[in-house]
Amino acid sequence: PDHAFTFTRAKNTHIMADFVGKQFDKDTVGAKVLEQYDEAEQRLFYTIVMGGGGDDIHFGIYRNEGDGVRESGANTTEWMMTQLDMGRPIQKGDRLLDIGSGHGGGSHALAKRFGCNVLGYNIGPGQNAHNLARAKELGLENQVDAMVGDINKPFPAEWTNTFDGAWSCEVLCHAGDKPELFKEIYRCLKPGACLVFSDIMGADGADEATLKGFTDRNATTVMGRPSSYLKCIKDAGLEYVTWWDGSVHLETYFRDMINQINTHREEMLSKGLSEQYLDNWLSSLTERADTQRDHGVFAWGVFVCRKPAA
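Not measured: the values here are computed from a predicted model.

### A look at the nonpolar core
Working step 1: Within the largest apolar cluster, 63 residues are counted, with the highest numbers of intra-cluster contacts made by Phe-45, Phe-59, Leu-97, Phe-155, Phe-182 and Ile-261.
Working step 2: The element contributing the most residues to this core is helix α9 (residues 250–270), with 8 residues.
Working step 3: Look past the residues within four positions of Leu-97 in its chain and what remains in contact with it is Leu-119, Tyr-121, Phe-155, Trp-159, Phe-163, Gly-165, Ala-166 and Trp-167.
Working step 4: In this structure, Ile-90, Ala-111, Trp-167 and Val-304 belong to the second largest nonpolar core, which totals 20 residues.

In structure tokens:
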């Protein structure tokens, strides 16, 4: 990896963050998201298994032979930035909101590409500290900031008509009231500003029970569907720009996550993750990949919408 995680391993630590057979409401899901992502061991897991050692911790677009989780994730980031900029050109000095900024990979990429300022709004203080430390390493400390915030609560009142654009990468699956969240995003955007977001969803028509290969390992409410997100966009008063369907890449990415666990298993065990945690992930990912291959129950892609110009 490009940068190391350092922490003291507690005696008899068993990091689990398992949610087998459980989904949560908007009042409880935030605490479960913290449980899933913010401990140092879990941040290490996601950096290796989804980031490939980097900070783009999300699903990927496979463009070239040999692409793995890191390369495909970077492709997604580039594609989302292009989509955002096509919706409304991003200018140097613009202020963007990164909703659920995690380790900050999207924030850093936006700041580097456009010269804009990015505020990460993210529930995990450990993730936020990592984001800001990495921003400083990249010379972006004057462009990137992060604050603790829960997407299941209203955004700050003073944010009304504040942001020149908004970005969210695979976070809205953790939102307990998705229609209300879109209304909050609408409120905080300036007239004419765009939102780009990606998310893991159920395919339209998929039964929620068939998604357990994802929901057993992730703190979710009811998962979105492409059609339900299009309705959220419309009902919030946002203008639909485009929906790009990248679901064809999911099975490959799920299997690459399995490869990452198998390749880096000893490293992760030596740094505090348990055999059971990794085995549970392998079981769920195998089920997830096979179910996607056989039934296509998961959907994933990129949406762009815009607040109407004044």
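### Focus: the packing of helix α3 (residues 69–87) against helix α4 (residues 105–114)
Working step 1: Two elements in contact, α3 and α4, have axes whose closest approach is 11 Å; the angle formed by their N-to-C orientations is 55°. Taken as axis vectors, α3 and α4 run oblique relative to one another. For α3 against α4, the interelement crossing comes out right-handed. In contact with Thr-77, Glu-78, Met-81, Thr-82, Leu-84 and Asp-85 of α3, α4 contributes Ala-109, Leu-110, Arg-113 and Phe-114.
Working step 2: Here the contact of α3 with α4 is built from residues that sort into 5 nonpolar, 2 polar and 3 charged.

### Comments concerning the pattern of salt bridges
Working step 1: Across all of its chains, the model carries 15 salt bridges by this definition.
Working step 2: One salt bridge connects Asp-164 with Lys-190, and the closest N-O pair in it is separated by 3.0 Å. One end of the pair, Asp-164, is in strand β4 (residues 163–169); the other, Lys-190, is in strand β5 (residues 189–202), with 26 residues separating them in the sequence.
Working step 3: Of the residues examined, Lys-190 reaches a relative accessible area of 31% and is grouped as partly exposed.
Working step 4: Connected through shared salt-bridge partners, Glu-251, Arg-255, Asp-290, Arg-293 and Asp-294 make up one network.

Quick notes on the rules
Residues numbered from 1 in each chain as written. Predicted model: local features only at pLDDT ≥ 70, side-chain atom pairs only at ≥ 80, totals over all residues. Heavy atoms only, no water. Core = buried A, V, L, I, M, F, W, Y, C linked by side-chain atoms within 4.5 Å. Buried < 20%, exposed > 50% of the residue type's maximum accessible area, 1.4 Å probe, protein only. Helix = DSSP H or I, 4+ residues; strand = E, 2+ residues; numbered from the N terminus. Contact = heavy atoms within 4.5 Å. Axes fitted to C-alpha atoms, helices over the stretch in contact; angles between N-to-C directions. Parallel < 35°, antiparallel > 145°, perpendicular 65-115°, else oblique. Left-handed = near helix turned anticlockwise from the far one by under 90°. Nonpolar A, V, L, I, M, F, W, Y, C, P; charged D, E, K, R; others polar. Salt bridge = Lys/Arg side-chain N within 4 Å of Asp/Glu carboxyl O.

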